[in-house]
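Structural overview
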Amino acid sequence: MNIPNEPTLINPEHGHFLSVRDIKKAVQMYCKLFEFPIHEEEILFGHLYFMPNKIILDSDDMEGRPLPPWLPVSLKLGATDIDEAYNHVKDLGFEIKKEIDRGQTVSWFLFNDPDGNVLMMCEDH
């Protein structure tokens, strides 16, 4: 029920879905990326996993789907040290799509997961 003079949208960033083909593998990879504890027992309905940072991994109806040849950036993430972030991402098995670009105000790189989701890592200067 909408209360008069109250905004309809209370939080434009209520959560962000990432479609994945293997929920258990994605839970492992993304929990390690964000350094969250891994709780596979919290996978709901066999295909949904809600992460503490409002990212929702969802494998519903993704089995056997081919990867598209190109996808836009799904998430922009922040880092305090772009080189450490780059090494962390690479060590976890994410694929680097664009090497670090060092600008005056921001340094950034692109990487993707095994499901083709493209992520951007940025360090503001």
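Below you will find a few notes about this structure. (Residues numbered from 1 in each chain as written. Predicted model: local features only at pLDDT ≥ 70, side-chain atom pairs only at ≥ 80, totals over all residues. Heavy atoms only, no water.)

1. Comments concerning the overall build of the chain
Looking only at helices and strands, one finds 2 helices and 7 strands in the chain. Going from the N terminus to the C terminus, the chain shows its helices and strands as β-α-β-β-β-α-β-β-β. Structurally, the chain occupies a C-alpha span of about 50 × 40 × 30 Å along its principal axes. The buried share among the 125 residues of the chain stands at 35%. In the chain, once contacts between residues fewer than 6 apart in sequence are set aside, the share between residues at least 24 apart is 49%. Carbon and sulfur atoms make up 53% of the accessible area of the chain, which totals about 8400 Å². Here the chain contributes 11 positively and 22 negatively charged side chains, and the mean placements of these two sets differ by 5 Å. (Helix = DSSP H or I, 4+ residues; strand = E, 2+ residues; numbered from the N terminus. Buried < 20%, exposed > 50% of the residue type's maximum accessible area, 1.4 Å probe, protein only. Contact = heavy atoms within 4.5 Å. Areas by Shrake-Rupley, 256 points an atom, 1.4 Å probe, with all protein chains shown as cover. Lys, Arg positive; Asp, Glu negative; His and termini not counted. Charge placed at Lys NZ, Arg CZ, Asp CG, Glu CD.)

2. Points about the environment of Asp-60
Looking at the element boundaries, Asp-60 is found in the loop between β3 (55-58) and β4 (73-78). Exposure remark for Asp-60: the relative accessible area of 47% places this residue in the partly exposed category.

3. Focus: the sheet that holds strand β7 (residues 118-124)
If you walk across this open sheet you meet the 4 strands as β4-β7-β6-β5, and the pairing is mixed. Of all the strands in the sheet, just β4 and β5 (95-102) have a single pairing partner and so form its edges. When the angles between neighbouring strand axes are averaged without regard to direction, this sheet yields 15°. In this structure, strand β6 (residues 106-112) lies alongside β7, joined through 7 bridges in antiparallel fashion. (Pairing = 2+ DSSP bridges. Axes fitted to C-alpha atoms, helices over the stretch in contact; angles between N-to-C directions.)

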